[in-house]
Amino acid sequence: MLLFRSEENVAAWCGARGNPVRPLIRLDQLWHLAVTWYANRLTVDSRRPGPDEMVAIFAEVGLEGPFWDPKADRWGSAAEP
Amino acid sequence: MGSGAGMDFDTAVKLNIYDTLARTARAPATHDVAAALRAPLADVEAAFRRLHEKRLLVPEPGDPSRIRMAPPFSGVETPFRVRIEDRVYYGNCAWDALGIPAALHRDAVVEATDGHTGEPIVLAVRDGRPVPEPCVTHFAVPAARWWEDILHT
């Protein structure tokens, strides 16, 4: 996942590659994901969240739908190859 | 190694990897971990494989003795530089670049670039939260496909 200064730059990057524009995440949402995912990574009990936990974590910052579901086999985009 | 000790040993390997990364900003290889834990190299190699299966590390392509990713840390230089005190870490992506100060519980300066223009983008994490900065992160790959090609994701 790449960082961009603006939505316009994302559209230009995707357009240059013929790729669909995917969800854009704000800095505050990204920080929430970073903390939730990694705050205990250096501890004995650390592990990667499981699929259902991932769905719940994404929902906490308003990221919902099949794109954010690691168990999904479709994500609702006709542009998906 | 007996099966009852398997999880404990994997945890020791995991902690050594992350402790080494935190202290040195460099990912240890299997022989480094074996020396630190005074363990047989073959046991550490097996632990690396199991940690990969648990998605806690990604080996260097073509060289399973080295670590490409121990998320959020990268074992190689990337466009996501993370400065914390006098050390420079590398994140695997925008998410992981913020994951490093989150994992280390430290303030940080992330030096990244715009994915399209190459313009520098500097993000500061101060007092446990990012300083507002105009930017967005684009997730090109659905969550279900992240680990199909994690080096690309």
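Residues numbered from 1 in each chain as written. Chains lettered and ligands numbered in written order. Predicted model: local features only at pLDDT ≥ 70, side-chain atom pairs only at ≥ 80, totals over all residues.

Residue and element names in this part refer to chain B. Within the open sheet, the five strands sit side by side as E5-E4-E6-E7-E8. Their pairing is antiparallel. The sheet is open, and its two edges are formed by strand E5 (87-90) and strand E8 (129-130), each paired on a single side. Taken together, the four bridges between strand E4 (residues 81-84) and E5 define a ladder with antiparallel strand orientation. Bridge pairing in E5 places Val 82 opposite Tyr 89. Its contacts with the sheet put helix H4 (residues 94-104) on E4, E5, strand E6 (108-113), strand E7 (120-126) and E8, and the angle it makes with E6 is roughly 170°. (Pairing = 2+ DSSP bridges. Helix = DSSP H or I, 4+ residues; strand = E, 2+ residues; numbered from the N terminus. Contact = placed C-beta atoms within 7 Å. Axes fitted to C-alpha atoms, helices over the stretch in contact; angles between N-to-C directions.)

Moving on: the sheet that holds strand E2 (residues 24-25) of chain A. An order of E1(A)-E9(B)-E2(A) is seen for the three strands of this open sheet, with the pairing classed as antiparallel. With one partner strand each, in any of the chains shown, strand E1 (2-4) and E2 of chain A form the two edges of the open sheet. Sheet topology note: the E2 of chain A/strand E9 (residues 136-138) of chain B ladder contains two bridges and is antiparallel. Each residue of the ladder has a partner; that of Ile 25 of chain A, found in E9 of chain B, is Thr 137 of chain B.

This part takes up the domain arrangement of chain B. When its domains are assigned, chain B resolves into domain 1 (3-70) and domain 2 (81-130). Taking the mean C-alpha position of each, domain 1 of chain B and domain 2 of chain B sit 24 Å from one another. (Domains from an automatic or database assignment.)

The next point concerns the confidence of the model for chain B. Regions with low pLDDT carry predicted coordinates that are not meant to be interpreted in detail. All names here are of chain B. With 92% of its residues at a pLDDT of 70 or more, chain B has an overall mean of 92. Confidence drops under a pLDDT of 50 for residues 1-7, and excluding neighbours within four residues, the segment shows three contacts in the predicted structure. As a predicted assembly, this complex carries a pTM of 0.90 together with an ipTM value of 0.89. (pLDDT = per-residue confidence, 0-100.)

Right, let's talk about the interface of chain B and chain A for a bit. Facing the 36 residues of chain B at the interface are 40 residues of chain A. At the level of elements, helix H1 (3-24), H4, E8 and E9 of chain B are the ones that each hand at least two residues to the side of chain B that touches chain A. Among the elements that line the side of chain B that touches chain A, the one with the most residues is H4 of chain B, at six residues. Taken together, the residues of the side of chain B that touches chain A sort by class into 23 nonpolar, seven polar and six charged. Where E1 of chain A lies against E9 of chain B, three bridges are found, and the strand directions are antiparallel. Across the sheet, the residue bridging to Leu 3 of chain A is Thr 137 of chain B, located in E9 of chain B. (Nonpolar A, V, L, I, M, F, W, Y, C, P; charged D, E, K, R; others polar.)

Now for the packing of helix H2 (residues 27-38) of chain A against H4 of chain B. Viewed as axis vectors pointing N to C, H2 of chain A and H4 of chain B meet at an angle of 55°, and their least axial separation amounts to 8 Å. Between H2 of chain A and H4 of chain B, the angle is such that the two are oblique. Once H2 of chain A is placed against H4 of chain B, the crossing between them reads as right-handed. Residues Leu 30, Trp 31, Leu 33, Ala 34, Val 35, Trp 37 and Tyr 38 of chain A of H2 of chain A touch H4 of chain B, and the partners they reach there are Ala 94, Trp 95, Leu 98, Gly 99, Ala 102 and Ala 103 of chain B. (Parallel < 35°, antiparallel > 145°, perpendicular 65-115°, else oblique. Left-handed = near helix turned anticlockwise from the far one by under 90°.)

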